[in-house]
Amino acid sequence: MTILTGIQPSGKLHLGNYFGAMRPMISLQEQGEEFFFIADYHALTTVRDPQFLRESVRDVALDFLACGLDPSRTVFYRQSDVPEVQELAWLLSVITPMGLIERCHSYKDKLAHGKPATHGLFTYPVLMAADILLMQAEKVPVGKDQKQHLEVTRDIAIKFNNAYGEIFKIPDALIAENVAVILGTDGQKMSKSYGNTIGLFDDLKRIRKQIMGIKTDCAAVEDPKDPDASSIYGLYKLFATPEEAAAMAARFRAGGMGYGEAKKALFEIYERTFAPFREKRAALEKDPDYVADVLKDGARRARERASDTLHRARAAVGLE
Ligand code: ADP
Ligand code: TRP
């Protein structure tokens, strides 16, 4: 089974990204051939600062490698190192009905959030289809927000295959229904656009401040509290063993534990979990060529698959 997914390098990663995307994606390494890429062509639809883009690519790569992505197993590459994807995007775009793309909500959502209305932002789903079809992916793990893009990818692949023969595999979305939306420090969905995130690799003082700043109700120390209504417990449980989670839930219910103390416990368990990842990240960072070498090797492996698919697609439409 071929699994593929991508993430945009568009800002520092946070705990929502970790539990919602990174951890599930890293655990899929065990289950089949995996392609994972940093979608820098896609990020250009919203990022205008070249230095920020360069740094974000490196940061995302280091974050994933530090958290356990194994580049000897997973083909880990940067999208723009596989330029075949652009040519395939064109071959797909000429058979993609306008109506299919016009129906996508993510374009309208992004305009509503003040992103510039550009051709690239509008045709973003066609490039995403090319990412997926180029590698002949069968399963694509994504968040719920990307479900429509996977439906578009399937429609495009079916249309192409009907016109030119069986060139592409038809991929399925792998939507992690059991991954809850991680809440931020203000109780809304954690998102870099809402300024309510807890970072993954920020400095510890800052993370402590973010955790101590989680909004709570005004229950007194002695009051019994409902753990399931608390975003402190919600995060704690993601880090904890089942026994630790049960013990913390019991302390919430018993009363006598203030929110300050619960936040301290959350900070400690965060630190315990991430200490080895921080160490690994610091070690990887010391070698200035490591990330570049990993991504270069990933691109080489990705391009083998890419050139095979592209060649077949070019021949099918009559370019070869
Ligand atoms: P942001 O909302 O901060 O811009 P992205 O949209 O770039 O984050 O998300 C990257 C990945 O992380 C996606 O797969 C998304 O589903 C996941 N993700 C982001 N925020 C959360 C969250 N609060 N809870 C669960 N998953 C999340
Ligand atoms: N659109 C995805 C996001 O914003 C990133 C992405 C680009 C992607 N190409 C992909 C995800 C291909 C899965 C497969 O999160």
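Predicted model only: the values in this text are computed from it and were never measured.

Student: Looking at this structure, how should I read the overall build of the chain?
Tutor: When helices and strands are tallied, the chain shows 13 helices and five strands. If you line up the chain on its principal axes, its C-alpha atoms span 75 × 45 × 35 Å. Within the chain, the proportion of its 320 residues that are buried is 47%. Excluding contacts between residues fewer than 6 apart, the proportion of contacts in the chain whose partners are at least 24 apart in sequence is 78%. For the chain, the accessible surface area stands at approximately 15500 Å², while carbon and sulfur atoms represent 53% of it.

Student: What's the story with the environment of A275 in this structure? I'm lost.
Tutor: Positionally, A275 belongs in helix α12 (residues 259–286). Residue A275 is classed as partly exposed on the basis of its relative accessible area, which comes to 32%. In this structure, the C-alpha to C-alpha distance between A275 and W90, residues 185 residues apart in sequence, is 45 Å.

Student: Would you take a moment to explain the site of ligand 2 for this structure?
Tutor: Around ligand 2 lies a shell of 14 residues, among which Q8, H42, Y124, D131 and Q146 are the nearest. At 2.7 Å from a nitrogen atom of ligand 2 is found a side-chain nitrogen or oxygen belonging to Y124. Between ligand 2 and Q146 there is a distance of 3.0 Å, counted from a nitrogen atom to a side-chain nitrogen or oxygen. Within the residue set of the shell around ligand 2, elements represented by two or more residues are β1 (2–7), α7 (119–134) and β4 (139–142). With four residues, the top contributor of residues to the shell around ligand 2 is α7. Counted by class, the shell around ligand 2 contains eight nonpolar, five polar and one charged residues.

Student: Would you take a moment to explain the packing of helix α4 (residues 84–93) against α7 for this structure?
Tutor: Axes are the key here: two packed helices are described by the angle between their axes and the distance separating the axes. Packing of α4 against α7 brings their axes to within 8 Å, and their N-to-C directions diverge by 115 degrees. For α4 against α7, the interelement crossing comes out right-handed. Across the interface between the two elements, E84, V85, Q86, L88, A89, L92 and S93 of α4 pack against V126, L127, A129, A130, D131, L133 and L134 of α7. Looking at the contact of α4 with α7, its residues break down into 10 nonpolar, two polar and two charged.

Student: How should empty space enclosed by the protein be read in this particular structure?
Tutor: Under the definition given, this model contains one cavity of 30 Å³ or more. Considering only enclosed or pocket space, the largest cavity measures out at about 40 Å³ in volume. In terms of lining residues, the largest cavity is bounded by F37, Y77, Q79, V82, V85, D131, L134 and M135. When the residues that make up the lining of the largest cavity are grouped by side-chain class, the tally is six nonpolar, one polar and one charged.

Student: Can you help me understand the domain arrangement of the chain in this one?
Tutor: Interface extent is often summarised as the accessible area lost during association of the parts. Here the chain is described as being made up of domain 1 (2–180 + 288–317) and domain 2 (202–282). Listed per partner, the contact involves 11 residues of domain 1 and nine residues of domain 2. Carbon and sulfur atoms supply 66% of the area that domain 1 and domain 2 bury against each other, a total of about 930 Å² over both sides. For domain 1, the biggest contributors to the area lost against domain 2 are L15, F19 and A66; these three give 50% of the whole. Between D59 and R281 there is a salt bridge, and its shortest N-O distance comes to 3.2 Å. Where domain 1 packs against domain 2, one counts four residue pairs in polar contact (both at pLDDT 80 or more). The element contributing the most residues to the side of domain 1 that touches domain 2 is helix α3 (residues 50–66), with five residues.

Student: Just to check I follow, could you spell out the side chain of H149 for this structure?
Tutor: Checked against the element boundaries, H149 lands in helix α8 (residues 147–164). The exposure class assigned to H149 is buried, which follows from its relative accessible area of 2%. A distance of 3.2 Å separates a polar atom in the side chain of H149 from a polar atom in the side chain of S106. Polar side-chain contacts of H149 include one of 2.8 Å to the side chain of Q146. The residues touching H149, leaving out its near neighbours within four places in the chain, are C104, S106, Y124, P125 and M128.

Student: Any chance you could explain the nonpolar core here in plain terms?
Tutor: Here is a general trend for soluble globular proteins: nonpolar side chains tend to be buried in one another's company. The biggest cluster of nonpolar side chains holds 52 residues, and the ones touching the most others in it are L15, F64, F76, L266 and F274. Broken down by secondary-structure element, the contributors of at least two residues to this core are α1 (15–27), β2 (33–38), α3, α9 (204–212), α10 (231–239), α11 (242–254), α12 and α13 (290–317). The dominant element in this core, judged by the number of residues it contributes, is α12, at 10 residues. Both domain 1 (2–180 + 288–317) and domain 2 (202–282) contribute no fewer than three residues apiece to this core. For L266, the residues in contact, after removing those within four places along its chain, are I211, I214, I232, L235, Y236 and F239.

Cut-offs applied
- Residues numbered from 1 in each chain as written.
- Chains lettered and ligands numbered in written order.
- Predicted model: local features only at pLDDT ≥ 70, side-chain atom pairs only at ≥ 80, totals over all residues.
- Heavy atoms only, no water.
- Helix = DSSP H or I, 4+ residues; strand = E, 2+ residues; numbered from the N terminus.
- Buried < 20%, exposed > 50% of the residue type's maximum accessible area, 1.4 Å probe, protein only.
- Contact = heavy atoms within 4.5 Å.
- Areas by Shrake-Rupley, 256 points an atom, 1.4 Å probe, with all protein chains shown as cover.
- Near = heavy atom within 4 Å.
- Polar contact = N/O pair within 3.5 Å; in protein donor to acceptor, adjacent residues only side chain to side chain.
- Nonpolar A, V, L, I, M, F, W, Y, C, P; charged D, E, K, R; others polar.
- Axes fitted to C-alpha atoms, helices over the stretch in contact; angles between N-to-C directions.
- Left-handed = near helix turned anticlockwise from the far one by under 90°.
- 1 Å grid on protein atoms, 1.4 Å probe; cavity = no way out; pocket = protein on both sides within 12 Å on 5 of 7 lines; lining within 4 Å.
- Points joined across faces, edges and corners; volume = space filled by probe spheres on them.
- Domains from an automatic or database assignment.
- Buried area = accessible area lost by both parts, 1.4 Å probe.
- Salt bridge = Lys/Arg side-chain N within 4 Å of Asp/Glu carboxyl O.
- Core = buried A, V, L, I, M, F, W, Y, C linked by side-chain atoms within 4.5 Å.

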